[in-house]
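Topology and contacts: notes
Now for the letters of each chain:
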Amino acid sequence: LADAPIVRTSIHTGMGLDALKSALKQAAATVAEGPRMARQHGPFRMAIDRTFTVAGHGTVVTGSVSSGTCAVGDELIIEPGAIQVRVRGIQHHEQSVERVVRGQRAAINLVGVHHEEIHRGHELASPEHLRASRIITARLSLLPSLPYPLKSRDRVRVHVGTAELLASVKVLEGNELAAGTTGYVQLFLSQPAVTTWGQPFVLRSESPVLTLGGGCVLDPDAQRLRRPDALTLEQVRRLDSSNERERASASLFL
């Protein structure tokens with residue numbers, strides 16, 4: 001909020017109230033044109049945090065909608081696993097509704113899957129939106145309080161969406177990443193996971209469990225970079241760009 005406007009007001013004299021209304025309108029307009037609003041109109045996605053069965057209804061999954069809209073009757077996919085399902089019913093705060101949108105909690109009754117096939121960490125999504133992968137290229141920032149650097153081949157815990165996965169790390173520049181620094185890494189997951197570009201994650205040590213830092217996904221379905229040269233590393237940096245064309249060009253190279 002360093003650049004947020006400060007509006008001085010008084011409820012006694014009415015000073016600044018018109019300026020406050022104007023600032024609120026401007027803030028609302030900025031949000032409406034921002035990337036978060038665009039995700040409301042994108043493909044549906046919900047990380048599943050709980051699954052159970054209800055007598056007479058079948059499988060129910062719960063989670064927070066991170067993208068798009070889901071309506072009764074929609075055909076969706078559960079990943080990893082490419083399990084095809086159909087939405088039988090939806091509840092939002094224990095009230096039956098016809099649809100849910102990004103930012104809302106949802107309990108979704110599904111047809112086509114047994115609840116024992118689903119677990120925390122699975123994701124419910126529009127068909128062809130997500131692809132499961134065991135290799136992720138990412139930007140990682142380590143906490144300055146760490147007593148030791150993170151080295152290639154270290155075992156870690158990756159928390160992404162509602163999933164917690166064991167993984168090994170490969171530091172792409174050198175063999176280690178010092179505490180308090182940021183660098184590019186590849187994460188080799190113990191099992192497939194679904195992520196998207198820019199998705200945040202938290203990294204913790206395997207044992208004892210200690211928070212190491214966090215980062216964001218740059219390539220959710222990456223190829224192993226065995227000995228990245230200067231040109232390859234430059235393409236990884238371009239994956240970190242806010243320019244979509246630059247990222248697309250870099251992904252074709254990698």
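Everything below is about the structure printed above this text.
Reading guide: rules and limits
- Residues numbered from 1 in each chain as written.
- Predicted model: local features only at pLDDT ≥ 70, side-chain atom pairs only at ≥ 80, totals over all residues.
- Heavy atoms only, no water.
- Pairing = 2+ DSSP bridges.
- Helix = DSSP H or I, 4+ residues; strand = E, 2+ residues; numbered from the N terminus.
- Axes fitted to C-alpha atoms, helices over the stretch in contact; angles between N-to-C directions.
- Contact = heavy atoms within 4.5 Å.
- Salt bridge = Lys/Arg side-chain N within 4 Å of Asp/Glu carboxyl O.
- Phe/Tyr/Trp six-rings, centres within 6.5 Å; stacked < 30°, edge-to-face > 60°.
- Lys NZ or Arg CZ within 6 Å of the ring centre and 35° of its normal.
- Buried < 20%, exposed > 50% of the residue type's maximum accessible area, 1.4 Å probe, protein only.
- Core = buried A, V, L, I, M, F, W, Y, C linked by side-chain atoms within 4.5 Å.
- Left-handed = near helix turned anticlockwise from the far one by under 90°.
- Nonpolar A, V, L, I, M, F, W, Y, C, P; charged D, E, K, R; others polar.
- Polar contact = N/O pair within 3.5 Å; in protein donor to acceptor, adjacent residues only side chain to side chain.

**Quick look at the sheet that holds strand β16 (residues 200-205)**
- Reading around the circumference, β10-β15-β13-β12-β16-β17 is the order of the 6 strands in this closed barrel, with antiparallel pairing throughout. The average angle at which neighbouring strand axes cross in this sheet is 45°, direction not considered.
- Examined bridge by bridge, strand β10 (residues 133-142) and strand β17 (residues 211-219) share 6 bridges and lie antiparallel to one another. Note on β17: the bridge partner recorded for serine 141 is glycine 214.
- Along the sheet, helix α3 (residues 230-239) makes contact with β10, β15 (182-193) and β17, crossing β17 at roughly 95°.

**Considering the pattern of salt bridges**
- Inspection of every chain in the model, using the stated rule, returns 9 salt bridges.
- Close ionic contact of glutamate 234 with arginine 237 constitutes a salt bridge, the shortest N to O distance being 3.5 Å. Of this pair, glutamate 234 and arginine 237 both sit in helix α3, 3 residues apart, which is roughly one turn of that helix.
- Look at the salt bridges and you will find they share partners, linking Glu173, Glu234 and Arg237 into a network.

**Some points on the packing of aromatic side chains**
- One pass over the structure, following the stated rule, counts 0 aromatic pairs.
- The ring of tryptophan 197 has arginine 247 lying over it, and the distance from NZ or CZ to the ring centre is 3.7 Å.

**Brief notes about the environment of threonine 195**
- If you trace the backbone, threonine 195 turns up in the loop between β15 and β16.
- On the basis of relative accessible area, threonine 195 is assigned to the buried category, the value being 3%.
- Residues threonine 195 and valine 217 lie 22 residues apart in sequence; the distance between their C-alpha atoms is 7.3 Å.
- Setting aside residues up to four positions removed in sequence, threonine 195 forms contacts with Arg45, Leu130, Ile136, Val160, Val217 and Pro220.

**A word on the nonpolar core**
- Ranked by internal contacts, the top residues of the largest apolar core, which has 23 residues, are Val158, Phe201 and Leu203.
- Sorting elements by how many residues they give to this core places strand β13 (residues 163-171) first, with 5 residues.
- Not counting residues up to four positions away in its chain, the partners in contact with phenylalanine 201 are Ala138, Arg139, Leu140, Val158, His159, Val160, Leu187, Gly214, Gly215, Cys216 and Val217.

**Structural notes on the packing of α3 against helix α4 (residues 244-253)**
- For the pair α3 and α4, the least separation of the axes is 8 Å and the interaxial angle reads 145°. Classified by chirality, the crossing of α4 by α3 is left-handed. Residues Leu231, Thr232, Gln235, Arg238 and Leu239 of α3 form the contact with α4, whose own contacting residues are Glu246, Arg247, Ser249, Ala250, Ser251 and Phe253.
- Class assignment for the residues of the contact of α3 with α4 results in 4 nonpolar, 4 polar and 3 charged.

**Things to note about the environment of threonine 211**
- Secondary-structure assignment places threonine 211 in strand β17.
- A sequence separation of 38 residues divides threonine 211 from glutamate 173, and the C-alpha atoms of the two residues are 22 Å apart.
- Residues contacting threonine 211, with those up to four places away along its chain left out, are Leu143, Leu146, Val202, Leu203 and Arg204.
- Looking at threonine 211, its side chain comes within polar contact range of the side chain of arginine 204, at 3.2 Å.

**With respect to the pairing of strand β12 (residues 155-160)**
- Of the two faces of β12, the one holding Val156, Val158 and Val160 is buried and the one holding Arg155, Arg157 and His159 is not buried anywhere.
- Hairpin geometry of β12 and β13 is characterised by an intervening segment of 2 residues between the two adjacent antiparallel strands and by a positive phi of about 60° at glycine 161.
- In this sheet, β16 lies alongside β12 in antiparallel orientation, the contact comprising 4 bridges. Bridge pairing in β16 links arginine 157 to arginine 204.

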